[in-house]
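The chain contents come next:
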Amino acid sequence: MQNYIENSIARFVHILRHLGIQVSILETITSLQALALVDILNRHHVKMALSATMVKNRDQQEIFDQAFESFFVAPEIKKEQEQVWEEKQAEGQRLLEEAETDLAYKGETLDLTEKEKLYYAQLPEEEKRKIREYLSASSVPDDRYDRFKPTLEYQVRGSLRYWKQRLGEAEDYHHLGDPEMDDPVIASIVDELSEDSSILYEDMKRIGERDLPKVTNMLKRLSRKLATMISRRYRMSKKAVKLDLRRSIKANVRYGGAIFKLHYKQKRIQKPKVLLICDVSGSMSRYAAFVIQFIYGLSAVMKNIESFIFAEELEHVSAFFDTRQPFEDTMVKLIGKSRIWGKGTNMGNALYALREQYPLLLTSNTVVIIVSDTKTLEIDFAEDELIKLKRSVKDILWLNTLPQDEWKNVPSVQKFKRYSQMYECYTLAHLERIIRTQFLR
Amino acid sequence: MKYDKLTSITIEKLHQDFEKTGYIAEDDIIVPVYLALRLEKPILITGAPGVGKTEIAKVLASVFKTDLIRLQCYEGLDENKALYEWNYQRQLIKIQLIKEVTSEEMVEQDLFSRDYLLERPLLRAIQAPKKTVLLIDEIDKTDEEFEAFLFEVLSDFQVSIPELGTIKANFIPMVVLTNNGERELSDGLKRRCVYLYIDFPSIEKELKIIKVKVPEVNDRLAEDIALAVHYMRHELDFKKKPSISETLDLSNALVLFNAERLEPEHIKRTINLLLKDKEDIDLFYKELGPDGLIEKIRRR
Ligand SMILES: Nc1ncnc2c1ncn2[C@@H]1O[C@H](COP(=O)(O)OP(=O)(O)O)[C@@H](O)[C@H]1O
Ligand SMILES: [Mg+2]
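Remember, predicted model here, so these are calculated numbers, not experimental data.

Draft legend 1. Structural view of the overall build of chain B. Of the regular secondary structure elements, chain B holds 15 helices and nine strands. Looking at the 300 residues of chain B, the share that counts as buried comes to 51%. Expressed as a percentage of contacts within chain B between residues at least 6 apart in sequence, the contacts between residues at least 24 apart total 74%. Counting only carbon and sulfur atoms, one obtains 49% of the accessible surface of chain B, whose full area is about 14900 Å².

See the structure below:
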């Protein structure tokens, strides 16, 4: 038993260290002494004992709490973690193989780095297809030009770089085959928690100016994931399309050969429409940065997205996010031009306006994402409208910035929860969890 | 409750004793305190002003029926004020008195004896004839240098005074350090301590505190107060959020007003008890106001 405990603690300390919490040998010993003083079967006491002896400040506390919850779990869950990790490893391997099959020229794999291949494999299906089709269309039988393969490699690399700039980093498979990480439980927890944890777990309303760029990047990455997941999950039938290579090449000479504007002879893919409705009323004003970032991030990766903000009234804001402008400019313009920013909330009004003025956006292929704390005037009116909305669209996902432990006391949450899939969402970690749990299974 | 040895403490007993002194605490606070006592380590309590850090030291002194020795930290605090100092005035007088009759060495030996030693809190705690509670309050107000000195003292509880030799503690005191978090403390000090962070209380906890500390307040009023303070803390970005001390001040004032429930008028009259900063008061009126606040808590 003692051995087992010591072993567990050692592994836990190992995890903490990977997450940036240094626990010295002496502190580890103290923590074991502390454990001997509490009821080891009382999970809460065990947690308190470890945190009292290992944690040094508030930031660490949050990371510690997460790590503890992930590590000290029932064996079944531990099994599951191991499985998830192994699946992720397998997924990484699969992605790599997929990329190698796709990115070939006359049956020969292009010479790209592992990172580039993985990046390719995680691109939205549509972009991958463009690259694939470009490659296959290039494999004409009569090229005698033996430098053609390097040229293709150069082009693919350029286009991957282009997407990286636009979309941000992809899922990291950096532990792929890392011998340091041979313990699947440790590896999976570290992997799960090791982002930039402090920002990940920071309440979005508290994120300061200084951290905005980091947040933007993370949100971009998360939005990208969300976009892929949504289209994967809600995608409609797909019809073959044919690439017009001649036109594409002509058009792309201008961009130095990187493939980013392809021409199709016919285009018929039914992707889900996404309708983003964000609350920017007074009670949400501190989440303003988060909300705009979120719209910005999603708009960058989804073409068929329509964005609205609302407070007392509804406002269509897609136009602000169309251009490829830096985030700051978008934000300044949006807040400057909008009439409703920071006003009171009337959700019913907003949804009513949506139904009246934009009926074409509400289809059985539309997924609605609402970002709001549910606090609104005329709850019943809002509820009626929500029911109507629910009937005319495919699904409603509700990202609620109100902490979940407050939900039970808030009638509007109780009501609106019935007509949507509601998730607690006031940190990036929440957003990530939603994406992971909601869409991966 | 009598504790002969610290080893007879249990978490349950500590719970009961804290409750008896009127300090409301769940396991989140009790377990770290318990561990600090059992491991004989200082406890470092961090949290916003007014969340009940200092009170824990007082409660411990009362629970263990022992003395509370308090070292209040401030900018510029040094060893002389924390540990010991020679009593120069008395030394000077003595010199005047005995100059004529004794030799110089005799005078010096005599002058640097315990009679002329001014014991400051740390030395008093070390020399105490029983286990005391040593409260080192608001450690973040001092500088790194003092922190390093303190680290030494807390490491072995002995000091050497050149004229007197080494003095070692017979009873290691229960040490409580509090920290408002104004600056990051050194790793060394933090590693030596058991860590406890106290957050603002939940509505339920605050309700209990109001009832214990201001029993004249009726249930509905207490609930109003707890809700209002909670709302203000979490919904407005004050520079200094109202804490438990402010809640209690408000409660006491409302008792004087003979209030049955919390009304906008009360808020108007007591706002400077709740918010100490002029800008915070302005923010309150701009964003919410007394009527707005009452409306919010009534709507729940
Ligand atoms: N858990 C509690 N139970 C009862 N009273 C409390 C509690 N926490 C704080 N108080 C009261 O709040 C006031 C402020 O507490 P104090 O310990 O001085 O705060 P701090 O040292 O954190 O600034 C004191 O009057 C104290 O009695
Ligand atoms: Mg204090």
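Having seen the structure, we can now continue with the description.
Draft legend 2. View of the overall build of chain A. Each helix and strand in chain A was counted, giving 19 helices and eight strands. Here chain A, with 441 residues, has 55% of them falling under the buried criterion. Of all intrachain contacts in chain A linking residues separated by at least 6 positions in sequence, the fraction that spans at least 24 positions is 73%. About 21100 Å² of surface is accessible on chain A, with carbon and sulfur atoms providing 51% of the total.

Draft legend 3. A look at the nonpolar core. A:Phe12, A:Leu50 and B:Val33 are the most contacted members of the largest nonpolar core, which has 59 residues in total. When residues no more than four places from it in sequence are discounted, the contact partners of A:Phe12 are A:Leu50, A:Met54, A:Phe64, A:Ala67, A:Phe68, A:Phe71 and A:Phe72. Residues A:Met284, A:Ile295, A:Leu298 and A:Phe321 belong to the second largest nonpolar core, which totals 39 residues.

Draft legend 4. A look at the pattern of salt bridges. Residue and element names in this part refer to chain A. By the definition in use, this model includes 41 salt bridges over all chains. When the shortest N-O distance is used, the salt bridge between glutamate 127 and lysine 130 registers 3.1 Å. Taken together, the residues glutamate 127 and lysine 130, both in helix H7 (residues 125-138) and three residues apart, mark about one turn of the helix. Through salt bridges that share partners, Glu91, Arg94, Glu98, Asp102, Glu125, Lys128 and Arg132 make up one connected network.

Draft legend 5. Structural detail: the confidence of the model for chain A. Residues and elements named next belong to chain A. Mean pLDDT over chain A stands at 76; residues scoring 70 or higher make up 68%. The least confident element of chain A, judged by mean pLDDT, is helix H12 (residues 245-253) at 47; the most confident is helix H3 (residues 43-54) at 95. Across residues 235-246 the pLDDT falls below 50, and counting only partners more than four positions away or on other chains, this stretch makes 38 contacts in the model. Every residue in residues 248-269 is under pLDDT 50, and counting partners more than four places away or in other chains gives 48 contacts.

Draft legend 6. Up close: the interface of chain B and chain A. Counting from both sides, the interface comprises 22 residues of chain B and, opposite them, 24 residues of chain A. When the two sides are added together, the surface that chain B and chain A hide from each other amounts to roughly 2200 Å², 56% of it contributed by carbon and sulfur. Our count for the chain B to chain A interface comes out at two salt bridges. Here chain B and chain A share five residue pairs in polar contact (both at pLDDT 80 or more) between them. Elements that contribute at least two residues to the side of chain B that touches chain A include exactly helix H2 (27-39), helix H9 (187-192), strand E9 (194-197) and helix H11 (219-235) of chain B. Per-element tally for the side of chain B that touches chain A: the top contributor is H2(B), with eight residues. Tallied by class, the residues present in the side of chain B that touches chain A amount to ten nonpolar, one polar and eleven charged.

Draft legend 7. Representation of a negative patch on the surface. On the surface, B:Glu75, B:Asp78, B:Glu79, B:Asp143 and B:Glu145 cluster together into a negatively charged patch. With respect to the helices, strands and loops of the structure, B:Glu145 is situated in helix H8 (residues 144-156).

Draft legend 8. Fine view of H3(A). Residues and elements named next belong to chain A. A rise of 1.5 Å per residue sets the reference length of H3, with its twelve residues, at 16 Å; its end C-alpha atoms lie 16 Å apart and thus fit the reference within 8%. By the criterion of burial, H3 is predominantly enclosed, with ten of the twelve residues buried. Burial in H3 covers these residues: His45, Val46, Lys47, Met48, Ala49, Leu50, Ser51, Ala52, Thr53 and Met54. Its side-chain oxygen 3.1 Å from the backbone nitrogen of histidine 44, asparagine 42 forms the N-cap of H3.

Draft legend 9. Expanded view of the pairing of strand E1 (residues 43-46) of chain B. Residue and element names in this part refer to chain B. Of the two faces of E1, the one lined by Ile43 and Ile45 and the one lined by Leu44 and Thr46 are each fully buried. With four bridges joining them, E1 and strand E8 (residues 174-179) adopt parallel strand pairing. Residue isoleucine 43 lies in a different strand from E8, and its bridge partner there is valine 176. Two elements, E1 and E9, share four bridges in a ladder whose sense is parallel. Residue pairing in the sheet places threonine 46 in a bridge with tyrosine 197 of E9.

Draft legend 10. Seen up close, H7(A). Residue and element names in this part refer to chain A. Helix length check: H7, at 14 residues, gives a terminal C-alpha distance of 20 Å against a target of 20 Å (1.5 Å per residue), a fit within 8%. Where burial is concerned, most of H7 is hidden: ten out of the 14 residues are buried. Buried within H7 are the following residues: Glu126, Glu127, Lys128, Arg129, Lys130, Ile131, Glu133, Tyr134, Leu135 and Ser138.

Draft legend 11. Summary view of the environment of B:Tyr231. Residues and elements named next belong to chain B. Checked against the element boundaries, tyrosine 231 lands in helix H11. Along the primary structure tyrosine 231 and isoleucine 297 are separated by 66 residues, whereas in three dimensions their C-alpha atoms are 7.7 Å apart. Among all residues touching tyrosine 231, those that are not within four sequence positions of it are Leu236, Leu288, Leu293 and Lys296.

Draft legend 12. Local environment of the side chain of B:Thr46. All names here are of chain B. Within the secondary structure layout, threonine 46 lies in strand E1. For threonine 46, a relative accessible area of 14% puts it in the buried group. Beyond its immediate sequence surroundings of up to four residues, threonine 46 is in contact with Lys53, Asn179, Tyr195, Leu196, Tyr197 and Ile198.

Draft legend 13. The pairing of E8(B), seen in detail. Residues and elements named next belong to chain B. Of all six residues in E8, six are buried, a share of seventy percent or more. Residues of E8 alternate between two faces, with Met174, Val176 and Thr178 on one and Val175, Leu177 and Asn179 on the opposite face, all of them buried. Bridge count for strand E5 (residues 133-137) against E8 is four bridges, and the pairing is parallel. Bridging from a neighbouring strand, leucine 135 pairs with valine 176 of E8.

Draft legend 14. A look at the sheet that holds strand E7 (residues 395-400) of chain A. Residue and element names in this part refer to chain A. Taken in spatial order, the six strands make up an open sheet running E5-E4-E3-E6-E7-E8, and their pairing is mixed. Of all the strands in the sheet, the pair left with one neighbour each is strand E5 (314-316) and strand E8 (421-424). Each adjacent strand pair in this sheet contributes to an overall mean axis angle of 20°, direction not counted. Bridging between strand E3 (residues 273-279) and strand E6 (residues 366-371) involves six bridges; their strand directions are parallel. From the neighbouring strand, cysteine 278 faces E6, where its bridge partner is valine 371.

Draft legend 15. Broad picture of the sheet that holds strand E2 (residues 68-72) of chain B. Residues and elements named next belong to chain B. Spatially, the five strands line up as an open sheet ordered E2-E5-E8-E1-E9, and their pairing is parallel. The sheet is open, and its two edges are formed by E2 and E9, each paired on a single side. Adjacent strand axes in the sheet meet at a mean angle of 20°, parallel and antiparallel pairs treated alike.

Conventions and cut-offs
- Residues numbered from 1 in each chain as written.
- Chains lettered and ligands numbered in written order.
- Predicted model: local features only at pLDDT ≥ 70, side-chain atom pairs only at ≥ 80, totals over all residues.
- Heavy atoms only, no water.
- Helix = DSSP H or I, 4+ residues; strand = E, 2+ residues; numbered from the N terminus.
- Buried < 20%, exposed > 50% of the residue type's maximum accessible area, 1.4 Å probe, protein only.
- Contact = heavy atoms within 4.5 Å.
- Areas by Shrake-Rupley, 256 points an atom, 1.4 Å probe, with all protein chains shown as cover.
- Core = buried A, V, L, I, M, F, W, Y, C linked by side-chain atoms within 4.5 Å.
- Salt bridge = Lys/Arg side-chain N within 4 Å of Asp/Glu carboxyl O.
- pLDDT = per-residue confidence, 0-100.
- Buried area = accessible area lost by both parts, 1.4 Å probe.
- Polar contact = N/O pair within 3.5 Å; in protein donor to acceptor, adjacent residues only side chain to side chain.
- Nonpolar A, V, L, I, M, F, W, Y, C, P; charged D, E, K, R; others polar.
- Patch = residues over 30% accessible without salt bridge, like charges linked within 9 Å, V, L, I, M, F, W, Y side chains within 5 Å.
- Lys, Arg positive; Asp, Glu negative; His and termini not counted.
- Charge placed at Lys NZ, Arg CZ, Asp CG, Glu CD.
- Expected span 1.5 Å × (residues − 1).
- Pairing = 2+ DSSP bridges.
- Axes fitted to C-alpha atoms, helices over the stretch in contact; angles between N-to-C directions.

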